[in-house]
Amino acid sequence: MFNSNFFKNNRERLAALLPNSLICIPAHVSLQESADLPYKFRQDSNFWYLTGLNAPDAILIIDTSKNSSTLLLPEQNEYQKEWDGAQSHADFKKISGIGTYGAVSELSNFVKEAEKKNLAICHLAPLPERVEPYGFYANPARKMLEAKLRELVSSPDEIIDVRKELGRLRQVKQNVEIQAIQRAIDITADTLEEVKAKLGDFNNEKEVENAITAGFFSRNSQGHAYEPIIAGGKNASIIHYNSNSEALIGDELLLLDVGAKVNGYAADISRTWTIGKPTQRQQDLYKAVLELQDFAMNQLKPGIKLRDYQEKTENEAKRIFKKLGVNIDRYPHGFSHFLGLDVHDAGLYDEPLVENSVLTVEPGIYLPDEGIGIRIEDNVVITKNGIKNLSESIPKLL
Ligand SMILES: [Mn+2]
């Protein structure tokens, strides 16, 4: 599905936006999980988009003045060769189409050469070390590269941040990317159908999660694109609940926010089901969320700004839920985010929406006092005049 032409083409499209530049894009570094073992490696999506490679600690260098790409690799010691397997340039070339290799320690030569030729030095600006409000530490790869570049260049303040250029490229999906997302959605759809048919057999959120995990893998996906949320009753009002460990109770709702991953691309689907017979209150709130989703979907088209869309949909949410006795002063999350290699994908949120962007549409209502959380989430692609709902086949019945 994704061959070296895809990655080569992505490098060329980025290069075309930045003439006479040396673009330096780091892979994620490998991080310790415990004692002498690393976390399962997850590549930086930008690096993957430009190379297709899952190698940690590497740096991609694109000299746009001569349209040439070089991959700088960390030197493997004997331990790494023996325990992790030796890296093969031939394998890397086959995947990425990159023919030139060097060592990370050679970065300075590339930067010196580029300065002689008066090329602009470009990178991806790092996030802060600790990322608020999420409360986690960023992968240090970008910060480390930035520190090295600042040491090497003659004017550190002139290093150019290319997050915007790369973000726009990644936001607008190519056919092969939409196909991968569609496949991830279809696998999610089939798995949800299978799980819903035997919902009465499950006693615990974890059993539902396990059935979904098995369904994703048996359909040849790469498993979950993100930590699944399987939340019964009041747990559904914790927006990123993912301990998925409590008993299912007959008269409660069950909120599922799950998505398979295919070729690195994510689906991101939420459905809310009843375990037993729904109460009138549950039905009324569910219908209101559906109505709000229609309202949101009807606004999406090229040219609109997501900020305006969020505000309008929020106002509609206030109006709709007020009729049900619920006063919302601040809506807790965005109604849409870009979707792709990252579940919350790269893209330009402040610029007018463009065709072939893929987005979620995910209104919800969270009422911990009533033990109710409802979210309905579909994945759409922006077309010439509106949207195509890629997850239309997944039923939206309580
Ligand atoms: Mn989502």
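Rules of the game
- Residues numbered from 1 in each chain as written.
- Predicted model: local features only at pLDDT ≥ 70, side-chain atom pairs only at ≥ 80, totals over all residues.
- Heavy atoms only, no water.
- Donors = N, O, S within 2.8 Å, 3.2 Å for Na, K, Ca; no water.
- Helix = DSSP H or I, 4+ residues; strand = E, 2+ residues; numbered from the N terminus.
- Buried < 20%, exposed > 50% of the residue type's maximum accessible area, 1.4 Å probe, protein only.
- Axes fitted to C-alpha atoms, helices over the stretch in contact; angles between N-to-C directions.
- Parallel < 35°, antiparallel > 145°, perpendicular 65-115°, else oblique.
- Left-handed = near helix turned anticlockwise from the far one by under 90°.
- Contact = heavy atoms within 4.5 Å.
- Nonpolar A, V, L, I, M, F, W, Y, C, P; charged D, E, K, R; others polar.
- Salt bridge = Lys/Arg side-chain N within 4 Å of Asp/Glu carboxyl O.
- Pairing = 2+ DSSP bridges.
- Domains from an automatic or database assignment.
- Buried area = accessible area lost by both parts, 1.4 Å probe.
- Polar contact = N/O pair within 3.5 Å; in protein donor to acceptor, adjacent residues only side chain to side chain.

Trainee: Which parts of the structure should I look at to understand the coordination of the manganese ion?
Mentor: Ideal geometry at a metal centre: 109.5 degrees between donors when four sit tetrahedrally, and 90 or 180 degrees when six sit octahedrally. Surrounding the manganese ion are the protein donor atoms Asp-268 (OD), His-337 (NE2), Glu-362 (OE) and Glu-377 (OE), which sit 2.1 to 2.4 Å from the metal. Within one chain, the residues donating to the manganese ion are spaced in sequence as D-x68-H-x24-E-x14-E. Of the two residues, Asp-268 is situated in the loop between strand E14 (265-266) and strand E15 (269-274) and His-337 in the loop between helix H11 (306-322) and strand E16 (358-361); the sequence distance between them amounts to 69 residues. Classification of His-337 as buried rests on a relative accessible area of 8%.

Trainee: How do you make sense of the packing of helix H1 (residues 4-17) against helix H7 (residues 163-171) when you look at a structure like this?
Mentor: The relative placement of two packed helices is expressed as an angle between their axes plus a distance between the axes. Interaxial distance between H1 and H7 falls to 10 Å at its minimum, and their mutual angle equals 135°. Between H1 and H7, the interaxial angle falls into the category oblique. Between H1 and H7 lies a crossing of right-handed hand. Packed against H1, whose contacting residues are Asn-10, Arg-13, Leu-14 and Leu-17, the element H7 presents Glu-165, Leu-166 and Leu-169 at the interface. Counted by class, the contact of H1 with H7 contains four nonpolar, one polar and two charged residues.

Trainee: Got a minute to help me understand the pattern of salt bridges in this structure?
Mentor: Between side chains of opposite charge, pairing is possible as soon as their charged atoms come close. Here the structure, examined in full by the defined rule, presents 24 salt bridges. A salt bridge links Lys-173 to Asp-345; its shortest N-O distance comes to 2.7 Å. Here Asp-345 lies in the loop between H11 and E16 and Lys-173 lies in the loop between H7 and helix H8 (175-197), a separation of 172 residues in the sequence. For the pair Lys-173 and Asp-345, a shared accessibility class is recorded, and that class is buried.

Trainee: Just checking my understanding: could you explain the sheet that holds strand E5 (residues 68-73) for this structure?
Mentor: Two strands in a sheet stick together by hydrogen bonds in their backbones, pointing the same way (parallel) or opposite ways (antiparallel). Ordered in space as E6-E5-E4-E1-E7-E10, the six strands form an open sheet in which the pairing is mixed. Where the open sheet ends on each side, the last strands, each with one partner, are strand E6 (100-103) and strand E10 (160-161). Along the sheet, helix H4 (residues 89-96) makes contact with E5 and E6, crossing E6 at roughly 130°.

Trainee: What should I look at first to understand the domain arrangement of the protein chain in this one?
Mentor: A common way to express how large an interface is: the accessible area buried when the components associate. The assigned domain composition of the protein chain is domain 1 (4-170) and domain 2 (172-389). Relative placement of domain 1 and domain 2: their C-alpha centres are 33 Å apart. Between domain 1 and domain 2, a total of about 1300 Å² is buried, with carbon and sulfur atoms accounting for 47% of that surface. Broken down residue by residue, the surface that domain 1 buries against domain 2 is led by Phe-6, Arg-168 and Arg-170, which jointly contribute 51%. Linking domain 1 with domain 2 are five salt bridges. Taking the shortest distance from any N to any O, the salt bridge between Arg-170 and Asp-342 comes out at 3.0 Å. The tally of links between domain 1 and domain 2 comes to 13 residue pairs in polar contact (both at pLDDT 80 or more). Secondary-structure elements contributing two or more residues to the side of domain 1 that touches domain 2 are H1, helix H2 (45-51) and H7. Of the residues assigned to the side of domain 1 that touches domain 2, the class counts are four nonpolar, four polar and five charged.

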